[in-house]
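Residues per chain are reported as follows:
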Amino acid sequence: MKKITFSLVLLTSLLVIQVSAQKTTVTSNLSNIPTGSNFEKTANTDLVLKTVKAMEAMDANTYKSYFAPNAIFHDNLDSMTLDQNVSLIGLFKSKGIAVKIDKVAPIWEYVYEKKSAKTGISNFVISYQYFNFTKGDKSIKVLISAVDLLKEGKITEEWLSYDTKALSELLK
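Residues numbered from 1 in each chain as written. Predicted model: local features only at pLDDT ≥ 70, side-chain atom pairs only at ≥ 80, totals over all residues. Heavy atoms only, no water.

**Some details on the confidence of the model for the chain**
Point 1. Scored by pLDDT, the chain has a mean of 85; 80% of the residues are at 70 or more.
Point 2. Between the elements of the chain, mean pLDDT differs from a low of 46, seen in helix H1 (residues 2–25), to a high of 98, seen in helix H3 (residues 60–65).
Point 3. Contacts for the low-pLDDT stretch residues 5–12, under 50 throughout, to residues beyond four places or in other chains number 0 contacts.
Point 4. Contacts of residues 14–26 to residues separated by more than four positions or lying in other chains number 0 contacts, the stretch itself having pLDDT below 50. (pLDDT = per-residue confidence, 0-100. Helix = DSSP H or I, 4+ residues; strand = E, 2+ residues; numbered from the N terminus. Contact = heavy atoms within 4.5 Å.)

Following this line, the structure appears as structure tokens:
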């Protein structure tokens, strides 16, 4: 019984020492966390919706007009230029793939209080885009998570994340 009591006292003491050590080493500086505001409907969310509609219509010229000339795209972390991105519309057309948008929801703009020191930009539009790609009798649904960086009414950078397996099969 003495051994059990001694073991419990020792274990409790070690836990108290460990918790005390953790409390003294953990620090937090909340002033480094960027703050801003969310908006559901803005000119920038409308701009992103226009790009989606242009993609659905496979209108390469209109689609391209919504982006800055030096826009960068990160398509599942594969970076490309505006021209490379726009060429995907031609690829879909050449493979006989039709594009239909089911919905874009949710979509919102996040505006940081301070502009980025690197880019001078503080506006991002985040959206979830539900696409249907059809080729003949095959149809696939693809959910795309998109983040668009905007400056002066143009998209300057875009990050897209989606499952590429089914789309790759459709492109064969």
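From this point, things continue past the structure.
**Describing the side chain of threonine 51**
Point 1. For threonine 51, the position within the fold is in helix H2 (residues 43–57).
Point 2. Residue classification places threonine 51 among the buried positions, given a relative accessible area of 5%.
Point 3. Within the local environment of threonine 51, its side chain forms a polar contact with the backbone oxygen of valine 48, the two atoms lying 2.6 Å apart.
Point 4. Once residues within four sequence positions are removed from consideration, threonine 51 is found in contact with Tyr63, Tyr66, Phe67 and Ile155. (Buried < 20%, exposed > 50% of the residue type's maximum accessible area, 1.4 Å probe, protein only. Polar contact = N/O pair within 3.5 Å; in protein donor to acceptor, adjacent residues only side chain to side chain.)

**A few points about the environment of asparagine 44**
Point 1. Within the secondary structure, asparagine 44 sits in helix H2.
Point 2. For asparagine 44, a relative accessible area of 14% corresponds to the buried category.
Point 3. It is 7.0 Å that separates the C-alpha atoms of asparagine 44 and glycine 153, two residues lying 109 residues apart in sequence.
Point 4. Aside from chain neighbours lying at most four places away, what touches asparagine 44 is Glu109, Asn123, Val125 and Leu150.
Point 5. A polar atom in the side chain of asparagine 44 sits 2.7 Å from the side chain of glutamate 109.

**Structural notes on helix H4 (residues 82–94)**
Point 1. Here H4 spans 19 Å end to end across 13 residues, near enough to the 18 Å set by a 1.5 Å rise per residue.
Point 2. Every buried residue belonging to H4 is among Leu82, Asn85, Val86, Ile89 and Phe92, and all of these are buried. Along the axis of H4, the buried positions cluster into a sector of 100°, meaning they face one direction only.
Point 3. Following H4 by one or two positions, glycine 96 has its phi on the positive side, about 70°. (Expected span 1.5 Å × (residues − 1). Arc of directions from axis to C-beta.)

**So, unusual backbone geometry**
Point 1. Here the residue pair alanine 105 and proline 106 is connected by a cis peptide bond, since its omega of -5° sits within 30 degrees of zero.
Point 2. Here proline 106 lies in strand E4 (residues 98–112).
Point 3. Even without a glycine there, the phi angle at methionine 58 is positive, about 55°.
Point 4. Among the structural elements, methionine 58 can be located in the loop between H2 and H3.
Point 5. Its relative accessible area of 9% is what places methionine 58 among the buried residues.
Point 6. You will see that leucine 77, though not glycine, has its phi angle at about 70°, which is positive.
Point 7. Looking at where leucine 77 falls in the secondary structure, it is placed in the loop between strand E2 (67–75) and strand E3 (78–81).

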